[in-house]
Each structure stands twice: as C-alpha cells, then as structure tokens.
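Breakdown of the fold
Here is what each chain is made of, one letter per residue.
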Amino acid sequence: MCAMTISLFAPRDGAQPIDPKIVTQAATWLAIMQSGIAGPTDQLACQRWRDAHPDHERAWQRMSALSQDVRKGTAGLTPTLARQALYSTTYARRTILKSVAGLTIAGAGFWGVRESTSWKTLTADYSTGTGEQRTITLADNTQVMLDTNSAIDVQFTNARRHISLRTGAIMVTTAKDPMQRPFVVMTDSGSITPIGTRFTVQYDPDHSPAMTQVAVMEGAVDIHTQQGNSVWRVHAGQQTQFSHQTIDAIAVLNPSANAWTKGMLVVERMRLADFTAKLNHYYKGSLRCAPAVADLLVSGAFSVDDPHRVLALLQETLPVHVRYITRYWATLDAQQE
C-alpha cells in the first residue's frame, strides 16, 4: 500500500513527498465527504484538517483530482455500466477504509475521523444516512430495520449469528435457525441475546455515559453487561437501558419508545431542546435550539419524513421562530416582538 501511495503522490514540482499518513487521512476525509452521510459538523472538521498544514491541502487536492478522474472515466459508459463501475469503486473504498481502521496510524486528525460517527457509519456492513430508514433480511431470514443514521456489522459463522450495533437504532425480528446457532446483538455496553423475539436496540456512542436502550415487543431477551457477571431477562412489554457496568430497573414498555419504527416521533411534555436533538437525527443539516426556548414543553406525534413540516408545526403551536441560515442550517429561537 505504501509503495502505491508514494508513487501516486510523488511530487511533480520538486517539492517534498507527502507523508503516506497524510495521504491516508486525505483519502478518509474524501470518502466521508462523498459518502452522502456527511453533515455540517463533518464539513467543518474536514476544512479544519485541510487548514492545519499545507501538506494536508496538497494531499486533498491530489486525492480530489483522482476522484474526478474516476468520474470522468465513467462519462462515456451506458448508465448501467457507469453504475456498476461506481458501485465497484464505492465497495473498494469501503473495504480499504475497513483495512485502514485496523492500522496503527499516528496523528490526532486521523483518530478524530476514525472515532467519529461518520466513520463508524461509512465503514459498517449496513448503514443509513440522515432521514433514511431501511429493512434488511439476513441469511437466516432474520429481519433488521435500521433507523436514521444507524450502522451495523453482521457476522454469521457455523457457531453463532452476531450483529454489532455501532450507532443508532435497530428493530430485530429473529427467525428460527435450522443450525440452532445463538443470536447476539452487541454494543460497547454489552450483549443482548433474544429468545424467539422482536425487540429494538438503541445506542449512541457519543452520549456520556454511553447507554444501550432495549425494548421488547415479543418474546424475551437476556442482557449481559460488558463488565458485569449478572444476566437480566427482559420480557415482552418491558424495556430498560444499560451501560458497560450497570443495568437500570426494568420498566413497562413506553409505546412512544418504538414509534420510530412507524416513521413517527411521539413525545409527551418533552423539553424543546431534547426534542430538537431527536429531530436533528432526521434533519439533513444542522438543527439547533436556542437557550431562550430550550425549556418549552412539546407534546404530540410527528412524522419524521418531513422535518421542515415539523418545524412549521412548532412555529404554529409554540412561541418560537425558526431561523434559517440556509435550508440546511436552522435554529429554533424565541418569537421576535
């Protein structure tokens, strides 16, 4: 890999060669920017990385030129062949990024990318972008529905069936396995083992402390924390959440907890700041709530298909005003006199 990188980025003007580590960082940033999941925060972080050192910008420009060459190379193809060519490029990029994730590469810039939610989503086996929901059927006929901005890895072997939830929310409807392999859903908090069931799992690695929320609609699940020895069983009609050390008390299932599976966001007397944070997961851009209106309470059922319509409804029912910088940058603020 290094030899190929050096040849691709050999200086043409007598300048010093670009460090292969910087080239890898540039490739990672470009992949994220072209992935369709990058938001304003990612764009700002990318620009800061480019501005941090002249070699960063040199590597970015050269990598961008290579990307344009790939796109120009498909210009004369039929639509079907072009899609196949670009799909192959995307697949190869994801494979390369997964390989890069296993390398020990120094530099705070790269590690910041690697630990970001965008990186987790970009390199996952299955993922969704902002505002996107999708359902996949696994090899054993288990169905997994992914909520917006969610990412999972899937590993089936002769001994087990394993899903790793990197970020976001999923609903799992397990199927009977002729090989009778155990089925496990993992997060950094621990493991969830279903017993012929339908359940949801939500995990936000950026939340402190990181908590995994589990709600069971059918059957039951066993929860085992990463650093604990006890196993808790959660039955249908129940929910709980757990960290890598502790499990909260089991509670009665709140119907609103799984409203996302029906494309809805259902809340009762929720702080506007918290509601805005939830809606932001479905908003293609950056959505914020000003401190002046953060403690207003919101109740209702809202479709997540059109966040702009939700913002319009909030303006009609609460003393708030939506301040747009662009369609992708909005802030809920107090109504102006």
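Structure shown above.
Here is a short report on the structure shown in this document. Since this is a predicted model, take the numbers as computed values, not measurements.

A short note on the pattern of salt bridges
One pass over the structure, following the stated rule, counts 12 salt bridges. Note that Asp 140 is salt-bridged to Arg 161, the shortest N-O span being 2.4 Å. Taken together, the residues span a long stretch of sequence, with Asp 140 in the loop between strand 2 (134–137) and strand 3 (143–146) and Arg 161 in strand 5 (residues 161–173) at a distance of 21 residues. When salt bridges with common partners are traced through the structure, they connect Asp 140, Arg 161, Asp 177 and Arg 181 into a single cluster.

Notes on the packing of helix 8 (residues 272–280) against helix 9 (residues 307–317)
Contact geometry of helix 8 with helix 9 gives a least axis separation of 11 Å together with a crossing angle of 165°. Considered as vectors, helix 8 and helix 9 are oriented roughly antiparallel to each other. Viewed along their axes, helix 8 and helix 9 form a crossing whose handedness is left-handed. Across the interface between the two elements, Leu 272, Phe 275 and Leu 279 of helix 8 pack against Pro 307, Val 310, Leu 311 and Leu 314 of helix 9. Class assignment for the residues of the contact of helix 8 with helix 9 results in 7 nonpolar, no polar and no charged.

Considerations on the pairing of strand 3
Consecutive side chains along a regular strand alternate between the two faces of the sheet. As defined by bridge partners, strand 2 adjoins strand 3 across 4 bridges and the pair is classed as antiparallel. Among the inter-strand pairings, Ile 136 is bridged to a residue of strand 3, identified as Val 144. In this antiparallel pair of consecutive strands, strand 2 and strand 3, the connection spans 5 residues, and Asn 141 shows a positive phi of 75°. The pairing of strand 3 with strand 5 spans 4 bridges and is classified as antiparallel. Within strand 5, the position partnered with Met 145 by the bridge is Met 171.

Calculation rules
- All chains use their own residue numbering, which begins from 1 and follows the written sequence.
- In keeping with the predicted nature of the model, local features appear solely for residues at pLDDT of at least 70, side-chain atom pairs appear and are counted solely at 80 or more, and the whole-chain, interface and lining totals rest on all residues.
- To get the side-chain values, take all heavy atoms of the structure and skip hydrogens and water.
- In the sections that follow, a salt bridge refers to a side-chain nitrogen of Lys or Arg positioned within 4 Å of a carboxyl oxygen of Asp or Glu.
- Secondary structure follows DSSP: runs of H or I at least 4 residues long count as helices, runs of E at least 2 residues long count as strands, and numbering of each begins at the N terminus.
- Fitting a line to C-alpha atoms yields each axis, with helices limited to the stretch in contact; the angle taken between N-to-C directions then spans 0 to 180 degrees.
- An angle below 35 degrees is read as roughly parallel, one above 145 as roughly antiparallel, one from 65 to 115 as roughly perpendicular, and any other as oblique.
- Whether a crossing is left-handed or right-handed is set by the direction in which the near helix is turned from the far one by less than a right angle, anticlockwise for left-handed and clockwise for right-handed.
- Residue contacts follow a heavy-atom distance rule, with two residues in contact if any of their heavy atoms lie within 4.5 Å.
- Under the scheme applied, nonpolar residues are Ala, Val, Leu, Ile, Met, Phe, Trp, Tyr, Cys and Pro; charged residues are Asp, Glu, Lys and Arg; polar residues are all the others, including Gly.
- Whether two strands pair depends on DSSP finding at least two bridges between them.

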